[in-house]
Amino acid sequence: MKKVLTVVVLIMCATVAFAGHRNVPKKINTSPWEREYIWPKGQMPDAQPHQVATMTDELYKPEFKAQTHREPYLEWYPAPAAEKRNGGCMILISGGGYETCCDTRHIINWREHFTDLGFVCVNLVYRTPRPEGLPIYQSAWEDGQRAVRLIRSQAAERGFDPEKIGAIGMSAGSHMLLLIATSSQTPAYERIDNIDDISCHLNWAVVNAPAYVTTDGESGTPAVFDGYGPNVALSGIFKFDGKTCPMTLQHGGQDPYSANGSTLIYKQLHKMCIPAELHLYPDQPHTVLGADRVDEFLRQMGILGPLEPEVPVMSRFASDSARARYIKEPVWPEGKTPCLQANQWEPYIEWHFPKKLKTKAIQIVYSGGSYITNTTDGFEAAPARRYLNDMGMTVVTLRYRAPRPEGMPKYITAWQDLQRTVRIVRSKAAEYGLDPSQIGIMGCSAGGHLTVMGAASSLHQSYLPIDDIDRLPCSVQWGIGIYPAYLLNDDDGEALNLTRGCGEGVDLFPEFSFDLATCPMLLLHGDADDVSSMNSVKLWEKLRAMGIQCELHTLALRSHCFQGEASPGTGSYNYLERIGEYVRNRVRFDD
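In this text, all values refer to a predicted model and were calculated from it rather than measured experimentally.

### A look at the pattern of salt bridges
For step 1, the next point in the chain: With the rule as written, the count across this model stands at 31 salt bridges.
For step 2, the next point in the chain: For Arg35, the salt bridge identified is with Glu75, shortest N-O distance 3.9 Å. Of this pair, Arg35 sits in strand β1 (residues 34-37) while Glu75 sits in strand β2 (residues 73-76), and the two are 40 residues apart along the sequence.
For step 3, the next point in the chain: Arg35 sits in the buried class, given a relative accessible area of 1%.
For step 4, the next point in the chain: By relative accessible area, Glu75 is classed as buried at 1%.
For step 5, the next point in the chain: The salt bridge involving Glu163 is made with Arg152; its shortest N-O contact spans 3.6 Å. Of this pair, Glu163 sits in the loop between α5 (155-158) and β5 (165-170) while Arg152 sits in helix α4 (residues 138-153), and the two are 11 residues apart along the sequence.

### Thoughts on empty space enclosed by the protein
Rolled over the atoms, a probe with the dimensions of a water molecule shows which regions are left empty.
For step 1, the next point in the chain: Within the structure shown, the criterion is met by 3 cavities of 30 Å³ or more.
For step 2, the next point in the chain: By volume, the largest cavity amounts to about 50 Å³.
For step 3, the next point in the chain: If you trace the largest cavity, you find it lined by Pro210, Ala211, Tyr212, Val213, Thr214, Gly217, Thr221, Pro222, Ala223, Tyr257, Ser258 and Gly261.

### Comments concerning the nonpolar core
For step 1, the next point in the chain: Ile91 and Leu202 are the most contacted members of the largest nonpolar core, which has 138 residues in total.
For step 2, the next point in the chain: Other than its neighbours up to four places away in sequence, Ile91 contacts Val122, Leu124, Val148, Ile151, Ile165, Gly166, Ala167, Ile168 and Leu202.
For step 3, the next point in the chain: Counting residues in hydrophobic clusters, the runner-up holds 27 residues, among them Val365, Ala384, Met442 and Val587.

### Quick notes on the packing of helix α10 (residues 382-391) against helix α14 (residues 575-586)
For step 1, the next point in the chain: α14 packs onto α10 with a crossing angle of 50 degrees between their chain directions and a minimal axis gap of 10 Å. With respect to their mutual orientation, α10 and α14 come out oblique. As for the relative orientation of α10 and α14, their crossing is right-handed in sense. Residues Pro383, Ala384, Tyr387, Leu388 and Met391 of α10 form the contact with α14, whose participating residues are Tyr575, Leu576, Glu577, Ile579, Gly580 and Arg584.

### What about the packing of aromatic side chains?
For step 1, the next point in the chain: Tallied over the entire structure, the rule returns 22 aromatic pairs.
For step 2, the next point in the chain: Aromatic rings pair up to connect Tyr98, Tyr126, Tyr212 and Tyr257 into one cluster.
For step 3, the next point in the chain: Geometry around Tyr73 places Arg35 over its ring, the cationic atom sitting 3.8 Å from the centre.

### Things to note about unusual backbone geometry
For step 1, the next point in the chain: Of note, the amide linkage connecting Thr128 to Pro129 takes the cis form, showing an omega dihedral of -5 degrees.
For step 2, the next point in the chain: Looking at the element boundaries, Pro129 is found in the loop between β4 (120-125) and α4.
For step 3, the next point in the chain: Across the junction of Ala402 and Pro403, the peptide omega takes the value -5 degrees, indicating a cis bond.
For step 4, the next point in the chain: Looking at the secondary structure, you find Pro403 in the loop between β13 (394-399) and α11 (412-428).
For step 5, the next point in the chain: A positive phi is found at Ser370, a non-glycine position, where the angle reads about 60 degrees.
For step 6, the next point in the chain: Inspection of the secondary structure assignment puts Ser370 in the loop between β12 (362-366) and α10.
For step 7, the next point in the chain: In this structure, Ser445 takes a positive phi of about 60 degrees despite not being glycine.

Thresholds applied
- Every residue gets a number counted from 1 within its own chain, in the order that chain's sequence is written.
- The predicted nature of this model means local features are confined to residues of pLDDT at least 70 and side-chain atom pairs, given and counted, to a pLDDT of 80 or more, with totals for whole chains, interfaces and linings taken over all residues.
- To obtain the side-chain values, all non-hydrogen atoms of the structure were used and water was disregarded.
- Salt bridge criterion: a side-chain nitrogen from Lys or Arg within 4 Å of a carboxyl oxygen from Asp or Glu.
- Per the convention used, a helix needs a DSSP run of H or I reaching at least four residues, while a strand needs a run of E reaching at least two, with both numbered from the N terminus.
- Whether a residue is buried, partly exposed or exposed follows from its accessible area with a 1.4 Å probe, protein chains only, as a fraction of its type maximum: under 20%, in between, or over 50%, in that order.
- Only protein atoms enter the 1 Å grid used here, on which a cavity is any set of points holding a 1.4 Å probe that cannot leave and a pocket is any open set flanked by protein within 12 Å on both sides along at least five of seven lines; residues with an atom within 4 Å of a point are listed as lining.
- Grid points are joined across faces, edges and corners, and a volume is the space filled by probe spheres set on the points.
- We call a set of buried Ala, Val, Leu, Ile, Met, Phe, Trp, Tyr and Cys residues a nonpolar core when their side-chain atoms join them within 4.5 Å.
- By definition, residues are in contact when any of their heavy atoms lie within 4.5 Å.
- Fitted lines through C-alpha atoms give the axes, limited to the stretch in contact for helices. The angle between two N-to-C directions lies from 0 to 180 degrees.
- Here the word oblique covers every angle except those under 35 degrees (roughly parallel), over 145 (roughly antiparallel) and from 65 to 115 (roughly perpendicular).
- Each crossing gets its hand from how the near helix is turned against the far one by less than a right angle, where anticlockwise is left-handed and clockwise is right-handed.
- Only centres within 6.5 Å qualify two rings of Phe, Tyr or Trp (six-membered ring in Trp) as a pair; their planes then separate them into stacked at under 30 degrees, edge-to-face at over 60, and tilted for everything else.
- Only when the NZ atom of a Lys or the CZ atom of an Arg is both within 6 Å of the ring centre and within 35 degrees of the ring normal do we say a charge sits over the ring.

Structural data, given as structure tokens:
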């Protein structure tokens, strides 16, 4: 069985030959890379005769001899040029199911990329295959803790800050990375020498597709129950001690090593108020994803250096220069507005046609405002419509009724306006040369709540039909929720999650039907938002459990209205690119 598993792991890794490894004496740099063994001779804990320490490109060379490759090692790469150095060190950790170290291609890519960003890079090559009679991760964890201590001991010598050490991993390498990042105060082995008096904590972690994180897969298999269910939880081996570091987690929604493992890790970090990002990609398998999101995280955390001054998003998208035509019309025929209240304004929609139409799809956009107010020309709506117009997409903006209706739920009249808007847009799409079967909705904050209502409850009637337009469906093909408010039942009704979405029994409000027309969504949320990012995370989990693949990005250190002003190069600054990519992945553009 072990041989079969090893073969499977090797096939999944799809390694690329890399001839840069040399078996040279400790700290003798006779090649572009410097190999340094981790353990003093004869003192490696839990040594087992079947284990080796090597990358698979070296393992399959004809001249490979296992007996000369028993010891785990660090492979130091040339430091970046002095003018590029950022004072940090990045440890590179391969995956391979704890059967091999097979991610040669990723190690090459990471080395080149992070060296270019100014990091001193070092590859950690740990013992495999899995130890016998011990947990599958034990020997690798021992190697990992010792490696971090050794690296920290050489910070001054190698020109980086001992409190600026992070790591990036993949799969089993991410599992080991999580152990190091969350459990550095738990010794993996008994003290050997003075090196073991040095802390083995990390200062940040880049976690790609971590395997074996949920209890239905912690023995070293894919997640048997797909990472969710009443008997599935986060593996208890992760201690989340006082030295647990900030993280960014990237995971594909179709990964057999369940992405729910990453949501559970993120939830625990969120409870502890440890800055973190979570990036989940629909329909993606077990692979490395989101390299640009990693850079944005490192920049937002200040790891790449001081942030540039924040820029107002309205100054970047100041005019409707990409718009060719504009039409404004009421949502309701005169005298036909349902639940009419004297304190509310009349709702309307605005058609914004691009100068050059490149897609027949339509995006409906509206702002937030606590259901007390909303606008089509503020920072939550105008930049998005201008960005999408520039892409060649028609945008319809909605000003729904406000302030909140009296004597009924705060969202009812806005929901009625949205359902009617979708029907109007569908009824007129063909007249404008557009596709009535390709309509998306997008809103921020209370508008994000409204988006979930529109995406998940379109078969739920919010008003009685008034004309033939109401014979049309109000279902949509995608939704985009930006820091959605009022999703969880620990919300006090004023856009504040009292337990940050992490309390016992906190769940989604029952107003969301999650009917059979529920569509996929893109969710963007600040990690430090008082309108908790758990709103978006738990919504993502709910939709995944229904078999609906969604995309989610949380942004470290960012609060509500994260995009209003943001620093270049961060996720908050680039948020419209996520929206554009998501739409492009869903509909056809003629570029």
